[in-house]
Amino acid sequence: EEDLRPPQSVIEAEVVPALLAVMTKDEMPNVISSATMALAKIGADSCGERARDVQLAMRALLDSGNQEVVEAAALALGLFGSPSVAPDLASLLADTRAGRELVGGGKVSTRTRAFAGHGLAQLARRTKNTEISRFAAHQLVAIVDAKRCTDEVRLAALNALAVIPLASSELV
């Protein structure tokens, strides 16, 4: 099977900088969301020395004020695959003080919480780190068990749990 992916040097030197510029400078929410998801699919490992810049830009989008962009950023952070974002995604999912700060204050919306749960599950799925998988599973189970969560957030957490590879009972 032929590999149609551009060379890593082209991804790092041309693709990532172009998408990062669109993500941080464009004004159209659907364009920003699309660039964000494209960078997420490229992944932290393939972004080279720009990985940290991409992650910080995605994190900054959580405070954009545009629901579509915030949702894309929450999911993209997990898909991007950098384990350091796990606490941020868990904070958004649980609507903690830290999560509220990430979205600029006030409650984390139900939809953003759901997307953060899915982002956390995608992070667990992409990582080879069992601690991150365990952390994600515990955070999602806590939401499923929480009485104060809306049905929508609990259902999102249940669906997200289905994505996490639970190879053994040790993870849960």
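Shown above is the structure to which this text applies.
As the structure is a computational prediction, the values presented were derived from the model and not from experiment.

## Here's the deal with the overall build of the chain
Scanning the chain from N- to C-terminus turns up nine helices and zero strands. The helix and strand sequence of the chain, counted from the amino end, reads α-α-α-α-α-α-α-α-α. Along the three orthogonal principal directions, the C-alpha set of the chain runs to about 50 × 40 × 25 Å. Put simply, of all contacts in the chain between residues at least 6 apart along the chain, 64% involve residues at least 24 apart. In the form shown here, the chain has an accessible surface area of approximately 9,000 Å², with 52% of it arising from carbon and sulfur atoms.

## Observations concerning the nonpolar core
Grouped together as the largest cluster of nonpolar side chains are 56 residues, with contacts concentrated most on Met23, Leu39 and Met58. Counting residues per element, the ones that place at least two in this core are helix 1 (8–25), helix 2 (29–42), helix 3 (51–61), helix 4 (67–80), helix 5 (86–94), helix 7 (110–126), helix 8 (130–145) and helix 9 (151–161). When residues of this core are assigned to their parent elements, the largest contribution, ten residues, is made by helix 4. Once residues lying within four places of it in the same chain are set aside, the contact partners of Met58 are Met23, Thr36, Leu39, Ala40, Ala73, Ala76, Leu77 and Phe80.

## Overview of unusual backbone geometry
Positive phi, normally seen in glycine, also occurs at Asp95, with a value near 55°. Along the chain, the position of Asp95 falls in the loop between helix 5 and helix 6 (97–102). Residue Asp95 is classed as buried on the basis of its relative accessible area of 10%.

## Considerations on helix 2
Under the 1.5 Å per step criterion, the end-to-end length of helix 2 is 20 Å for 14 residues, consistent within 8% with the ideal 20 Å. When helix 2 is considered as a whole, its buried residues turn out to be Ile32, Ser33, Ala35, Thr36, Met37, Leu39, Ala40 and Ile42. Within two residues after helix 2, Gly43 carries a phi angle of roughly 90°, on the positive side.

## Things to note about the packing of helix 1 against helix 2
Two numbers describe how helix 1 lies on helix 2: the axes approach to 8 Å, and their chain directions differ by 150°. Taken together, the axes of helix 1 and helix 2 are roughly antiparallel relative to one another. Relative to helix 2, helix 1 is oriented so that their crossing is left-handed. Facing helix 1, whose interface residues are Ile11, Val15, Val16, Leu19, Leu20, Val22 and Met23, helix 2 presents Val31, Ile32, Ala35, Thr36, Ala38, Leu39 and Ile42. Grouping the constituent residues of the contact of helix 1 with helix 2 by class yields 13 nonpolar, one polar and no charged.

## Thoughts on the packing of helix 8 against helix 9
The packing of two helices is summarised by the inter-axis angle and the distance between the axes. Taken N-terminus to C-terminus, the directions of helix 8 and helix 9 make an angle of 145°; their axes are 8 Å apart at the nearest point. Helix-helix and strand crossings are classified by hand; for helix 8 and helix 9 the assignment is left-handed. Within the contact between the two elements, helix 8 uses Ala137, Leu140, Val141, Ile143 and Val144 and helix 9 uses Val153, Arg154, Ala157, Leu158, Ala160 and Leu161.

Conventions used here
Residues numbered from 1 in each chain as written. Predicted model: local features only at pLDDT ≥ 70, side-chain atom pairs only at ≥ 80, totals over all residues. Heavy atoms only, no water. Helix = DSSP H or I, 4+ residues; strand = E, 2+ residues; numbered from the N terminus. Contact = heavy atoms within 4.5 Å. Areas by Shrake-Rupley, 256 points an atom, 1.4 Å probe, with all protein chains shown as cover. Core = buried A, V, L, I, M, F, W, Y, C linked by side-chain atoms within 4.5 Å. Buried < 20%, exposed > 50% of the residue type's maximum accessible area, 1.4 Å probe, protein only. Expected span 1.5 Å × (residues − 1). Axes fitted to C-alpha atoms, helices over the stretch in contact; angles between N-to-C directions. Parallel < 35°, antiparallel > 145°, perpendicular 65-115°, else oblique. Left-handed = near helix turned anticlockwise from the far one by under 90°. Nonpolar A, V, L, I, M, F, W, Y, C, P; charged D, E, K, R; others polar.

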